[in-house]
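Structural characterization, general
Each chain, letter by letter, is given below.
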Amino acid sequence: MNFEHLIQINDPENPLIDPLHRDQLWQGLLYRVENPVPFLPGLESCTILERQANALLRELDFGPAVIRDRVTIIETHSVSFEIEPSEVHPGGSLHIAIEEPEAGFLFLRFTYETTLADNPNSEERAYIEYVKSAYHQSDVDCVRIIRTLAAGGTPE
């Protein structure tokens, strides 16, 4: 299954939304790379196994399951998470990119690739819609945490 969506970060025409600078958004994404615990419910710890200039190999401990992923960073533009297939997880990827179609308008584009069927039957369709909804909510929470960090707070 491939799933992609945008979350608008700034809207200069809406005074109720506190604007973030691109650098604040980028720093929030880097925080997610270095300390994913506040961003991933159920995650107990994260250990960085390897560090290169623009890539990390991490081990994510969810208690009953340990997952490895490789993170690729394109400075000030995007982060990509590639989950290694294992006995506890079939693998997949998440790509988060900052988009700025015009000055002052910032978006995050979330792109997921999973092993779920692209042409599901009726039973699988309901499950896939549930997964998409969960991904979307997780991404909304991600933006909320980045806003908290940018305001000088600490994530939950």
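Placed above this text is the structure.
The structure contained in this document is the topic of the report that follows. (Residues numbered from 1 in each chain as written. Predicted model: local features only at pLDDT ≥ 70, side-chain atom pairs only at ≥ 80, totals over all residues. Heavy atoms only, no water.)

Right, let's get into the pairing of strand S7 (residues 105-114). The buried count for S7 comes to eight of ten residues, which makes it a mostly enclosed element. Strand direction decides the pairing type here: strand S1 (residues 2-8) and S7, joined by seven bridges, are antiparallel. If you follow phenylalanine 3 over to S7, its bridge partner there is tyrosine 112. Sheet topology places strand S6 (residues 92-102) next to S7; nine bridges connect them, and they run antiparallel. Bridge pairing in S7 places isoleucine 98 opposite leucine 108. Between the antiparallel neighbours S6 and S7 lie two residues, among them glycine 104 with a positive phi of about 90°. (Buried < 20%, exposed > 50% of the residue type's maximum accessible area, 1.4 Å probe, protein only. Helix = DSSP H or I, 4+ residues; strand = E, 2+ residues; numbered from the N terminus. Pairing = 2+ DSSP bridges.)

A word on the pairing of strand S4 (residues 66-74). By the alternation rule, side chains of S4 split into Ile67, Asp69, Val71 and Ile73, which are all buried, and Val66, Arg68, Arg70, Thr72 and Ile74, of which none is buried. Bridge analysis of strand S3 (residues 55-61) against S4 gives seven bridges, and the strand direction is antiparallel. Opposite alanine 55, over in S4, you have threonine 72 as the bridge partner. Hairpin connection, S3 to S4: the antiparallel pair is bridged by four residues, and glycine 63 has positive phi, about 85°.

What follows is about the side chain of asparagine 10. For asparagine 10, the position within the fold is in the loop between S1 and helix H1 (22-34). In terms of polar contacts, asparagine 10 uses its side chain to reach the backbone carbonyl oxygen of leucine 20, at 2.6 Å. Residue contacts for asparagine 10: discarding those within four places in its chain leaves Asp18, Pro19, Leu20, Gly104, Phe105, Leu106 and Arg147. (Polar contact = N/O pair within 3.5 Å; in protein donor to acceptor, adjacent residues only side chain to side chain. Contact = heavy atoms within 4.5 Å.)

Mapped onto the elements of the fold, histidine 89 is located in the loop between strand S5 (78-83) and S6. For the pair formed by histidine 89 and valine 143, sequence separation is 54 residues and the distance between their alpha carbons is 25 Å. Sequence-distant contacts of histidine 89, defined by excluding residues within four places in its chain, comprise Ile67, Ile83 and Glu84. From its side chain, histidine 89 meets the backbone nitrogen of glycine 91 in a polar contact 2.8 Å long.

Moving on, we come to the packing of H1 against helix H2 (residues 122-150). Orientation of H1 relative to H2, taken along the N-to-C sense of each, is 115°, at an axis distance of 9 Å. In this view, H1 runs roughly perpendicular relative to H2, as classed from their interaxial angle. Regarding H1 and H2, the two cross each other, and that crossing is right-handed. The segment H1 lies against H2, with Gln24, Leu25, Gly28, Leu29, Tyr31 and Arg32 engaging Cys142, Ile146, Leu149 and Ala150. Its residues assigned to classes, the contact of H1 with H2 comprises seven nonpolar, two polar and one charged. (Axes fitted to C-alpha atoms, helices over the stretch in contact; angles between N-to-C directions. Parallel < 35°, antiparallel > 145°, perpendicular 65-115°, else oblique. Left-handed = near helix turned anticlockwise from the far one by under 90°. Nonpolar A, V, L, I, M, F, W, Y, C, P; charged D, E, K, R; others polar.)

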